[in-house]
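# Fold and geometry: a report
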2 protein chains.
Amino acid sequence: MSDSVKYLLEENKAPKFWYNINADLPSPPPPPLHPGTKQPAGPDDFAPLFPMSLIMQEVSTEREIEIPEPVREIYKQWRPSPLYRARRLEKYLDTPAKIYYKYEGVSPTGSHKPNTAVPQAFFNKEEGVKKIYTETGAGQWGSSLAFAGQMFGIDIEVFMVKVSFDQKPYRKFMMQSFGAKCNPSPSEITDFGKKLINEDSNNPGSLGIAISEAIEATVKSGGVAKYSLGSVLGHVLMHQTINGNEAILQMEQTGDYPDIIVGCTGGGSNLSGLMFPFLGQQLRGGKKIDIIGCEPLSCPSFTKGKYAYDHGDMAMMTPLIKMHTLGSAFLPPANHSGGLRYHGMSYHLSHLYNLGLMRAKAYGQKECFEAGVTFSKQEGIIPAPEANHAVKGAIDAALECKSKGESKTILFNLCGHGHFDMQAYADYFDNKLSEDVYNESEVNKALESLPKVA
Amino acid sequence: MSDSVKYLLEENKAPKFWYNINADLPSPPPPPLHPGTKQPAGPDDFAPLFPMSLIMQEVSTEREIEIPEPVREIYKQWRPSPLYRARRLEKYLDTPAKIYYKYEGVSPTGSHKPNTAVPQAFFNKEEGVKKIYTETGAGQWGSSLAFAGQMFGIDIEVFMVKVSFDQKPYRKFMMQSFGAKCNPSPSEITDFGKKLINEDSNNPGSLGIAISEAIEATVKSGGVAKYSLGSVLGHVLMHQTINGNEAILQMEQTGDYPDIIVGCTGGGSNLSGLMFPFLGQQLRGGKKIDIIGCEPLSCPSFTKGKYAYDHGDMAMMTPLIKMHTLGSAFLPPANHSGGLRYHGMSYHLSHLYNLGLMRAKAYGQKECFEAGVTFSKQEGIIPAPEANHAVKGAIDAALECKSKGESKTILFNLCGHGHFDMQAYADYFDNKLSEDVYNESEVNKALESLPKVA
């Protein structure tokens, strides 16, 4: 009982660089294509949406990108985040495995999202941007960008997936506390939103739809506003590596090194943020790690999606990106893991999956909540529904170690707390939670409309 | 910008003792009296409710009480909690004052309450107790005891003030996640609850009522169950001093020492936990500190209450305690700071107030929410409505420093986050929040029925 359960990192040892996986990949991921010409898209194609510094990060191959001092100042509010050893959970599972988790719920908005929201707001501010549009699923991203915008004095306007806007009003109020505007999506604000509402006034929305609305609003602002994405793109994943860079230093304190790294995957940023720095070590000759992405059974872009060029949004406005996709026309069914309801996957993770450098598992939401309750009873932290997928993956790995008698070291990303999701837990306890269903025919239909690329 | 904003404390430097203010008080507080005989109550009078080890802590005059190792193991999950310097808030207020805050929202339940819930569960467990009844206002205490009970395998049953049970269901679900049972109070479970519902089926409940119900249920259990209180009593306040003991070490890191310490006060435990160790230094010849308790305008036990012997509960079952009280028959009006809706005040703080060793201020809930929003926009943390009273007190003190040109050091306790209180923030933004009103005639009526003590 006297061994540590929590590994901190002193402020003066906090990493000052993000890690860029582009420097170590065995081959570069396929480039994004211009949606009209189908030719590789260059920095100028992204300029209407993003500040040039972020675009240059997207294509950089430098291994370390310096974190600007004003960003590190804001990070200090909650970073370095703690690394925990789940000793009580290990004992409860009676597993020889060691289970570690990095806890990102200590951030102001309770998730990993501010890791990229803060630098995105900073780099926009540096280029004189006054307003940013974005989308959000369960509201973790929207509230994080609202926080970041408040820190740097930038107006934030959010399109929030309607089913979450209605189910999870608390995060909407949090955006308001940080001075941001939040619209349900689909909305009457954009032409695309109006069209969808005309077709079906009960449209529950999706990340793909909300992205389309945020992009449309940005483009129509005539250069006044920029757009920001909370996952999927390379610079977003890179900002998240502050977490993995810290974890490397914290794992050194423990004397262990991960055999297995687990994270949940929606767009891919929280798993990437934790594992990229470790994978970088592997790619530079270090130890091989078993990397597992955990996705919802109802939105399984890795395990059921096709690796193909597709749009990032439903209105097909974004450049084409080669990714594991269920089709940008696919509308994921409403479940409580709003942050994982995305038709596609980061092009980096899709590439790694294709290269066999990681694998994926799909889980239903009931078994994930069960894992989350088991975890919270032992560790005292109630995970977000999204994070429950990683908890489930880690528990599964630990039980596999038990059955094989292996004492492996498992590290997973507990990417957020569930304080804003207690209604989902109540539904779980009351047996009101529907099971996730994979709708194969809807996916096949959506995949038929994939853009044709030579 | 390069100075620290966050002061941590390494696990191996975590304090191993609680501080007992009884050792340094200039005079002992007046003793509790048996409700029947009106004679000083002895340990045996408390034995039906509490395990003997906690009763002995209540009357101990040893300066340091060792924190048992299993308790320190659980504390490690979130302790030492961070000390922050509110540099952004200072700049925003343009004050020469330095503002520090200890942030207790990092605990599993998001408040300071587990500091005493964990040892209370431990000491009950040591004496073979299988079940504990308790009451809770906004649910912070109930969820904390639920967590602690889960850690040590003790059944927890909670009577939750009805207005909060209805307004704040998320904390109820949290109790459920930790395996506890939660009843709205007044309930049909106890005779006292039934009587009140018969008189008024819309009775919103109060802490005084919920305490009565929990005590009645404990007494009727025939020795099977014990009772636990989340504030007010001496052993509760002492367990909270883990926070002040840490703060002393963290303030040493900053090179500053508090001139002013601010906390919100309901029963008194969170202010006490932070300031007792500092006050102890003062009483042993150290620097004089201006200690300010911040209470709601609608339930102002310090600033409008009478210093008299009174019952701790509405059914007048508890021993008589000399405290600042609005009368145990007083029903505080519903406001969003459920944790501060208590007719009385800790006998320790009442004694200190009477000795002139601390002072108090009463604030309305609107001005407190305004302060909370100002704070969250600068510091990124959304405080609980209760904690907003301390934020308001600290901001007031900083502005006073500004008008006088004094660069004092202010330390306040940010005792919890507001993640479960976002509806209250929404009401504030929508201008739906009623202003607190001090109901003098109701208080005077309640004070008329104070027990007669020679």
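See the structure shown above.
Treat the numbers as computed from the prediction; the structure is a model and nothing was measured. (Residues numbered from 1 in each chain as written. Chains lettered and ligands numbered in written order. Predicted model: local features only at pLDDT ≥ 70, side-chain atom pairs only at ≥ 80, totals over all residues. Heavy atoms only, no water.)

## Structural notes on a nonpolar patch on the surface
A grouping of Met52, Met56 and Val59 of chain A is seen on the molecular surface, where their side chains present a nonpolar patch of about 250 Å² in accessible area. Turning to its location among the elements, valine 59 of chain A is positioned in helix H2 (residues 52-59). (Patch = residues over 30% accessible without salt bridge, like charges linked within 9 Å, V, L, I, M, F, W, Y side chains within 5 Å. Areas by Shrake-Rupley, 256 points an atom, 1.4 Å probe, with all protein chains shown as cover. Salt bridge = Lys/Arg side-chain N within 4 Å of Asp/Glu carboxyl O. Helix = DSSP H or I, 4+ residues; strand = E, 2+ residues; numbered from the N terminus.)

## Digging into the interface of chain B and chain A
With 49 residues of chain B at the contact, the number on the chain A side is 49 residues. Note on chain B versus chain A: buried area summed over both sides is about 4,400 Å², and carbon and sulfur give 53% of it. Together, Gln77, Tyr170 and His419 of chain B form the three largest contributors to the area buried by chain B at its contact with chain A, with a combined 16%. At the boundary of chain B with chain A, the tally comes to zero salt bridges. Here chain B is connected to chain A by 17 residue pairs in polar contact (both at pLDDT 80 or more). Elements represented by at least two residues in the side of chain B that touches chain A include exactly helix H3 (69-75), helix H6 (140-152), helix H8 (169-177), helix H15 (365-379) and helix H17 (422-429) of chain B. Looking at the side of chain B that touches chain A, its residues break down into 24 nonpolar, 13 polar and twelve charged. (Contact = heavy atoms within 4.5 Å. Buried area = accessible area lost by both parts, 1.4 Å probe. Polar contact = N/O pair within 3.5 Å; in protein donor to acceptor, adjacent residues only side chain to side chain. Nonpolar A, V, L, I, M, F, W, Y, C, P; charged D, E, K, R; others polar.)

## As for unusual backbone geometry
The omega torsion of the bond from serine 185 of chain A to proline 186 of chain A falls at 10°, within 30 degrees of zero and hence cis. Mapped onto the elements, proline 186 of chain A comes out in the loop between strand E8 (181-185) and helix H9 (191-199). Residue proline 80 of chain B is bonded to the preceding arginine 79 of chain B through a cis peptide linkage, with omega at -10°. Structurally, proline 80 of chain B can be placed in the loop between H3 and strand E4 (83-85).

## Observations concerning the packing of aromatic side chains
Residues and elements named next belong to chain B. Per the stated rule, a full pass over the model turns up 41 aromatic pairs over all chains. The interplanar angle of 70° and the centroid separation of 6.2 Å between the aromatic rings of tryptophan 78 and phenylalanine 147 together place this pair among those described as edge-to-face. A residue pair is termed long-range when its members are at least 10 positions apart, and tryptophan 78 in the loop between H3 and E4 and phenylalanine 147 in helix H6 qualify at 69 residues. Assigned by exposure class, tryptophan 78 and phenylalanine 147 land together as buried. Both rings, one in tyrosine 170 and one in phenylalanine 173, keep their centres 6.3 Å apart while their planes meet at 40°; by these two values the pair is tilted. Residue tyrosine 170 and its partner phenylalanine 173 are both found in helix H8; the two are separated by three residues, about one turn of the helix. Owing to a relative accessible area of 7%, tyrosine 170 belongs among the buried residues under this scheme. (Phe/Tyr/Trp six-rings, centres within 6.5 Å; stacked < 30°, edge-to-face > 60°. Buried < 20%, exposed > 50% of the residue type's maximum accessible area, 1.4 Å probe, protein only.)

## What to know about the sheet that holds strand E5 (residues 98-103) of chain B
Residues and elements named next belong to chain B. Here seven strands make up an open sheet; going across it, the order is E1-E4-E5-E15-E10-E11-E14 and the pairing mixed. Each end of this open sheet is capped by a strand with a single partner; those strands are strand E1 (6-7) and strand E14 (359-363). Here strand E11 (residues 290-296) runs beside E14; their pairing, made up of five bridges, is parallel. Its bridge partner lying in E14, glutamate 295 is registered against alanine 362. Strands E1, E4, E5 and strand E15 (409-414) of the sheet are contacted by helix H11 (residues 234-254), whose axis makes an angle of about 140° with E5. Packing of H15 onto the sheet brings it into contact with E4, E5, E14 and E15, and relative to E14 it is tilted by some 95°. (Pairing = 2+ DSSP bridges. Axes fitted to C-alpha atoms, helices over the stretch in contact; angles between N-to-C directions.)

## Side note on the side chain of histidine 311 of chain A
Residues and elements named next belong to chain A. Following the sequence through the fold, histidine 311 ends up in strand E12 (residues 306-311). Polar contacts involving the side chain of histidine 311 include one to the main-chain carbonyl oxygen of threonine 318, which spans 2.9 Å. Discounting chain neighbours no more than four positions away, the residues touching histidine 311 are Pro35, Met316, Met317, Thr318, Pro319, Leu320, Met323, Ser328, His343 and Pro451.

## Focus: the relation of the copies chain B and chain A
Expressed as a screw operation, the relation of chain B to chain A combines 0.0 Å of axial shift with a rotation of 180°, fitting to an RMSD of 0.0 Å. These values place the two chain copies in the arrangement generated by a two-fold rotation axis. When C-alpha positions in chain B are compared against the rotation axis, the closest is assigned to histidine 419 of chain B, at 3.1 Å. A symmetric contact is evident, with 100% of the interface residues of chain B recurring at the interface of chain A. (Least-squares fit on C-alpha atoms with pLDDT ≥ 70 in both.)

## Some thoughts on the pairing of E11 of chain B
All names here are of chain B. A large share of E11 lies buried, amounting to six of its seven residues. As paired elements, strand E10 (residues 260-264) and E11 share five bridges and run parallel to each other. Residue isoleucine 260 lies in a different strand from E11, and its bridge partner there is aspartate 290. In this region the chain leaves E10, passes through helix H12 (residues 269-283) and returns to the parallel neighbour E11; the handedness of that crossover is right-handed. (Right-handed = clockwise from strand over helix to strand, strands pointing away.)

## What to know about the packing of helix H6 (residues 140-152) of chain A against helix H8 (residues 169-177) of chain A
All names here are of chain A. At a minimum axis separation of 8 Å, H6 and H8 run at an interaxial angle of 10°. Overall, the two elements H6 and H8 adopt an arrangement that is roughly parallel. Each of Gln140, Gly142, Ser143 and Ala146 in H6 lies in contact with H8, whose residues at this interface are Arg171, Met174 and Met175. When grouped by side-chain class, the residues that make up the contact of H6 with H8 number three nonpolar, three polar and one charged. (Parallel < 35°, antiparallel > 145°, perpendicular 65-115°, else oblique.)

## A closer look at helix H9 (residues 191-199) of chain B
Residue and element names in this part refer to chain B. The complete set of buried residues in H9 reads Phe192, Gly193, Leu196 and Ile197. Down the axis of H9, the buried set is contained in an arc of 135°. They therefore lie on one face. Summarising the geometry of H9, the exposed residues directed more than 90 degrees from the buried face are Asn198 and Glu199. Of the surrounding elements, those touching the buried residues of H9 are helix H10 (207-220). (Arc of directions from axis to C-beta.)

## Structural notes on the sheet that holds strand E9 (residues 225-228) of chain B
Residue and element names in this part refer to chain B. Taking strand neighbours across the sheet as the criterion, the four strands line up as E8-E7-E6-E9 in an open arrangement whose pairing is parallel. The sheet is open, and its two edges are formed by strand E8 (181-185) and E9, each paired on a single side. Shown here is a sheet whose adjacent strand axes are inclined to one another by a mean of 25°, direction ignored. Alignment of strand E6 (residues 131-136) against strand E7 (residues 155-161), held across six bridges, turns out to be parallel. Looking at the pairing, lysine 131 lines up with aspartate 155 of E7.

## Looking at the packing of H12 of chain B against helix H14 (residues 347-354) of chain B
Residues and elements named next belong to chain B. Interhelical geometry of H12 versus H14 gives an angle of 50° and a closest axis separation of 12 Å. With respect to H14, the axis of H12 lies oblique. Regarding H12 and H14, the two cross each other, and that crossing is left-handed. Where H12 approaches H14, its residues Leu271, Ser272, Met275, Phe276 and Leu279 are matched on the opposing element by His348, Leu349 and Leu352. (Left-handed = near helix turned anticlockwise from the far one by under 90°.)

## A look at the state of the cysteines
Think of a disulfide as a covalent bridge from one cysteine sulfur atom to another cysteine sulfur atom. One pass over the structure, following the stated rule, counts zero disulfides over all chains. For the unlinked cysteine cysteine 401 of chain A, the closest cysteine sulfur is that of cysteine 294 of chain A, found at 14 Å. Using a relative accessible area of 2% as the deciding quantity, one classes cysteine 401 of chain A as buried. With no disulfide partner, cysteine 182 of chain B has as its closest neighbouring cysteine sulfur the one in cysteine 415 of chain B, 20 Å distant. A residue is classified by how much of its surface remains accessible, and cysteine 182 of chain B, at 16% relative accessible area, is buried. (Disulfide = S-S within 2.5 Å.)

Just geometry here; none of it tells us what the structure is for.
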